[in-house]
Amino acid sequence: MSTRLFPTYKRWDLTFESASGDTITTADGREFIDLMSGIGTVNMGHNHPEIVDAVEKQLHRGWHGSNFFQYKQQEEVATQLTTMTGLQRVFFANSGTEANEAAIKLARKATGREEIVSFTQSFHGRTYGSMAATGQTKIHEGYAPLPGGFTYAPYNDYAQTEKYITSDTAAVIVETIQGEGGVIPGAQAFLEKVEALAKAHGALLIIDEIQTGMGRTGERFSYQKFGLDPDMVTVAKGLGNGFPVAAMMGREDLQPYFGPGSHGTTLGGNPLAMAAVHATLHVLNTPGLLSEVEAKSKQAFQHLRNQCEASDIVTEVRGNGLMIGIACEEPVAPILTKMQEKGAVALPAGEKVIRLLPPLTISEERLAQGLDIVMEAIKETAKTKS
Ligand SMILES: Cc1ncc(COP(=O)(O)O)c(C=O)c1O
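Just so it is clear, the model here is predicted, and its values are computed rather than measured.

A. Summary view of the nonpolar core. L35, L81, I326, M339, I354 and L356 are the most contacted members of the largest nonpolar core, which totals 75 residues. Each of two domains, domain 1 (16-34 + 289-385) and domain 2 (49-284), supplies a minimum of three residues to this core. Ignoring anything within four residues of it in the chain, the contact list for L81 reads V90, F92, F221, L239, A247, M249 and L281.

B. Main features of the environment of M1. Residue placement: M1 occurs in the segment before β1 (16-20). For M1, a relative accessible area of 92% puts it in the exposed group. Each C-alpha atom, one on M1 and one on D13, is 9.7 Å from the other, the two residues being 12 residues apart in sequence.

C. Geometry of the pattern of salt bridges. What the rule picks out here adds up to 11 salt bridges. Between R251 and D229 there is a salt bridge, and its shortest N-O distance comes to 3.2 Å. Of the two residues, R251 sits in the loop between β12 (246-250) and α10 (271-284) while D229 sits in the loop between α9 (222-225) and β11 (232-235), which places them 22 residues apart along the sequence. Taking the relative accessible area as the measure of exposure, D229 reaches 37% and is therefore partly exposed. The shortest N-O distance in the salt bridge between K342 and E380 comes to 2.9 Å.

D. Here's a closer look at the sheet that holds strand β3 (residues 31-34). A sheet is described by the order of its strands in space; here 4 strands give the open sequence β1-β2-β3-β15, paired in mixed fashion. The two strands at the open ends of the sheet, each matched to only one other strand, are β1 and β15 (344-345). Alignment of β1 against strand β2 (residues 23-26), held across 4 bridges, turns out to be antiparallel. Its bridge partner being in β2, S18 is matched across the sheet by T25.

E. Up close: the packing of aromatic side chains. Per the stated rule, a full pass over the model turns up 5 aromatic pairs. Ring centres of F119 and Y155 lie 5.9 Å apart, and the angle between their planes is 65 degrees; this geometry places the pair in the edge-to-face category. Of this pair, F119 sits in strand β5 (residues 115-119) while Y155 sits in the loop between β6 (150-153) and α7 (158-161), and the two are 36 residues apart along the sequence. Of the two residues, F119 and Y155, both sit in the buried class. Through a chain of ring-to-ring contacts, three or more aromatic side chains come together here, namely F119, Y155 and F190.

Calculation notes
Residues numbered from 1 in each chain as written. Predicted model: local features only at pLDDT ≥ 70, side-chain atom pairs only at ≥ 80, totals over all residues. Heavy atoms only, no water. Core = buried A, V, L, I, M, F, W, Y, C linked by side-chain atoms within 4.5 Å. Buried < 20%, exposed > 50% of the residue type's maximum accessible area, 1.4 Å probe, protein only. Domains from an automatic or database assignment. Contact = heavy atoms within 4.5 Å. Helix = DSSP H or I, 4+ residues; strand = E, 2+ residues; numbered from the N terminus. Salt bridge = Lys/Arg side-chain N within 4 Å of Asp/Glu carboxyl O. Pairing = 2+ DSSP bridges. Phe/Tyr/Trp six-rings, centres within 6.5 Å; stacked < 30°, edge-to-face > 60°.

Following this line, the structure appears as structure tokens:
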């Protein structure tokens, strides 16, 4: 297809037409089981009626007045978020990378220190600060000079990490499960020790919940499952069920450092985005939703682990909740293509990991159908090879 777009994305040979619940329809009329939720965003399923209704109502009331106005919608959503997290202050942005930029800026300003420690294989975004915090050289290539003051400690290696976190550290930014880096779960003891060391040195702990948050792991936020106590939390992707919106949440004592004029965004926190978030959080808090995620997670891991035992290609099935990585010995692109031929879409995480992020609302039957397609595609790809 001829295109006027920059070729920044490796696009599939599929044209999105519409979507509903856990199904995506392409322009040629084919239907696909959605095992990716728009890269972990449409957690409550496509076109969730309560969220559509909330956005539609706001659409006709006005989209944007600017942050010169007081917005009661922002206050309501900030109250929902602070009630859910125990943090006291919220800044709204439009994307995950912006939420992390806000956290990094605030950490430096509040501590008067420059150094930000993140981890190898991490992903925090594509703007300069968040990109510099991202511990993957392939993401940095060609963009030098990157802002200074960023170091990368080895993930899940506390003995080494200890050398990076010092009294010069402004903040440690960490994912509890590295998503883009290959669905790599942080070890409980590692994350707890990192938190303790950051606190001992007066460094702030920023937890990036952009991929793991909003029910993805069976808790509202993944750090709650690990029992961690962050100073700041960033969230985007699923926050508005796919509507572009993000938030940086922080402790009350950080409030004086983000005074008028110190940071901002024109469109961040606009009423349309707030309507999406308000309804999404309401759905997230539906009694039973999170325990259903846990039940479906158990089903999925059992299904995949049983069948993958005999596989020559699969080395590990890992993750948490409905964030699942199937690590393979070889590039997974042909497996993903085979899955598409069979009617399901999923993601890669790096070159050799299949990443499953189905909508949290997917039914058990539909999930099982999707997982059968994953396994068939893995087996058939292995067969073609031998
Ligand atoms: C953990 C994490 N942080 C930050 C980001 C960046 O979010 P966005 O693409 O909305 O800027 C992502 C996106 O994949 C992510 O997975």
